[in-house]
Amino acid sequence: MQLLPFIFRARPAVPEMDFAGTVECTGSSVTDMPPGTPVFGSIPVGQHVRSTSGALAGSIVVERDAVVRVPGTVALSEAAGVGIAGSTALACVTAAKVKRGDAVLVNGAAGGIGHLVLQMCLEKVGASGRVVGVCSGRNTSWVRELERGSSTDNAVGSLRVIDREAEPLVPRLVRDYGAERFDVVIDAAGIQEVYQSCPGFLKEGKPYVTVGPRLGRYTYAGMLGMLGTTAKNVLWPRILGGTPRPYVQVAAAASLETLEELAGMMERGALRVHVGTLVDWEDVMKVSDFAWWVCTLLNLDRHTRSFLADMLVVRLSLLLANRILLRMRNERVGSEYSSHRLVRIIS
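A few points on the structure. Counting starts from 1 at the beginning of each chain's written sequence and moves along it residue by residue. Per-residue local features of the predicted model are confined to residues with pLDDT of at least 70, and side-chain atom pairs are confined, for both listing and counting, to 80 or more; whole-chain, interface and lining totals are unaffected and use all residues. Calculated side-chain values reflect all of the structure's heavy atoms, with hydrogen atoms and water omitted.

### Concerning the overall build of the protein chain
Put simply, the rule reads: Secondary structure counts use DSSP, requiring at least four H or I residues in a row for a helix and at least two E residues in a row for a strand, with both numbered from the N terminus. Note on exposure labels: buried denotes an accessible area under 20% of the residue type's maximum, exposed denotes more than 50%, and partly exposed covers the range between, all computed with a 1.4 Å probe on protein chains only. Residue contacts follow a heavy-atom distance rule, with two residues in contact if any of their heavy atoms lie within 4.5 Å. Accessibility throughout is a Shrake-Rupley quantity obtained with a 1.4 Å probe, and a residue counts as covered only by protein chains that appear here.
When helices and strands are tallied, the protein chain shows 13 helices and 11 strands. Per-residue burial over the protein chain gives 47% buried out of 347 residues. Of the contacts formed within the protein chain by residues at least 6 apart in sequence, a portion of 77% connects residues at least 24 apart. Accessible surface, the protein chain as shown: approximately 16,900 Å² in total, 56% of it carbon and sulfur.

In structure tokens form, the structure reads like this:
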């Protein structure tokens, strides 16, 4: 969405699509979501582009099939992070055809998508399977705790967490898992080197499922480079040096079906969302200011710069439109949709 030219977007462009909040009012045909109901969901891409509707508004208006009820044991702060990330995680696990007894490698296991993939795989492989998660050293402790959080009526697989910073990752994977290779690799970080070297730790004919090559920079040139890498991974033949493992790239948008499935998983304790930081509404611009100055003064790595650029977009959007304006404009979104199916949510 960041690369979509502003000439195609309503202004001010309010950031973010996933949300959680409380129903304030509904259309006449919505009978199962009375005011006060806690819900979560995702703003459809079309609505996000054509209107000023964004999850960082004070309130939003969406169709009924864009929201589901938050399970009673789940906090709104957790549910807010599961829409698109959870739907993408489901798509990854489905494409990988993970089954009982499998050995699965999850790269990027501490990411927004990766830590959800990890928990889904733990449940899928059962007690006879195993899951290995790769993440940075500072995240290994809480990622290990996800094994406990995935306990349901059925036994889950064993979990091992690898610190990717302790030593070079690819040689370690080949050394430790070259003899008993994985049935599936799910790469939620999009690291090209891992795919190119995966025959050393992924069984013959087994899929390498990914969210796509990681963007170096959120620019048009960066996007074209990513598309070129994807085409090479999918089309380049083995006899010309292509990696001899199926490359499966997935993308997903939230739907009512996936949101309901995710809600069910959270309700039975098979899925929980890790919340890294909670920021009050009044502090959003303070956080973006701090992040921007750290980026400028310390010249941090490209992934950090990408995150900080996103935070700057948030700040500029909030400078262009204060909370009252956002609320007023979002209420008018209803004129574009069937008013009988609308749900207005305080986010």
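From this point, the discussion proceeds with the structure in view.
### Quick notes on the environment of Ala270
Locating Ala270 in the fold gives a position in the loop between helix H10 (256-267) and helix H11 (284-298). Residue class for Ala270 comes out buried when judged on its relative accessible area of 1%. In this structure the C-alpha to C-alpha distance between Ala270 and Arg148, which are 122 residues apart in sequence, comes to 9.4 Å.

### Quick look at a nonpolar patch on the surface
The criterion, for reference: Patches draw on residues past 30% relative accessible area with no salt bridge. Two like charges within 9 Å are joined, as are two nonpolar side chains (Val, Leu, Ile, Met, Phe, Trp, Tyr) within 5 Å. The rule for a salt bridge is simple: a side-chain nitrogen of Lys or Arg has to be within 4 Å of a carboxyl oxygen of Asp or Glu.
On the surface, a cluster of nonpolar side chains totalling about 390 Å² of accessible area is made up of Trp236, Ile239 and Leu240. If you trace the backbone, Leu240 turns up in the loop between helix H9 (220-235) and strand S10 (247-249).

### Things to note about empty space enclosed by the protein
In plain terms, the rule: Only protein atoms enter the 1 Å grid used here. Points where a 1.4 Å probe fits but cannot escape make up a cavity, open sets with protein on both sides within 12 Å along at least five of seven lines make up a pocket, and a residue lines them when an atom lies within 4 Å of a point. Grid points are joined across faces, edges and corners, and a volume is the space filled by probe spheres set on the points. Each residue is assigned to one class: nonpolar for Ala, Val, Leu, Ile, Met, Phe, Trp, Tyr, Cys and Pro, charged for Asp, Glu, Lys and Arg, and polar for all the others, Gly among them.
A complete count under the given rule lists 1 cavity of 30 Å³ or more for this structure. Of the volumes computed, that of the largest cavity is approximately 40 Å³. When residues of the lining of the largest cavity are traced back to their parent elements, those giving at least two are helix H8 (192-197) and strand S9 (208-210). Its residues assigned to classes, the lining of the largest cavity comprises 5 nonpolar, 4 polar and 1 charged.

### Comments concerning the sheet that holds strand S5 (residues 103-107)
As a reminder, the rule being used: For two strands to pair, DSSP has to find at least two bridges joining them. Where helices are involved, their axes are fitted lines through C-alpha atoms of the stretch in contact, as for all axes, and angles between N-to-C directions lie from 0 to 180°.
Taken together, 6 strands build an open sheet; the order of strands is S7-S6-S5-S8-S9-S10 and the sheet is parallel. The open sheet has two edge strands, strand S7 (158-163) and S10, and neither has a second partner. Between one strand axis and the next, the sheet turns by 20 degrees as a mean value, whatever way the strands run. Set on the sheet, helix H7 (residues 169-177) makes contact with S5, strand S6 (130-135) and S7; between it and S7 the angle comes to about 145 degrees.

### Brief notes about the pattern of salt bridges
Considering all chains together, one arrives at 11 salt bridges under this definition. Between Asp176 and Arg160 there is a salt bridge, with the nearest N and O atoms lying 3.8 Å from each other. Placement of Asp176 in helix H7 and of Arg160 in strand S7 is noted, with a sequence separation of 16 residues between them. Across the salt bridge formed by Asp176 and Arg175, the nearest N and O atoms sit 2.8 Å from each other. Residues joined in a network through salt bridges with shared partners are Arg160, Glu167, Arg172, Arg175 and Asp176.

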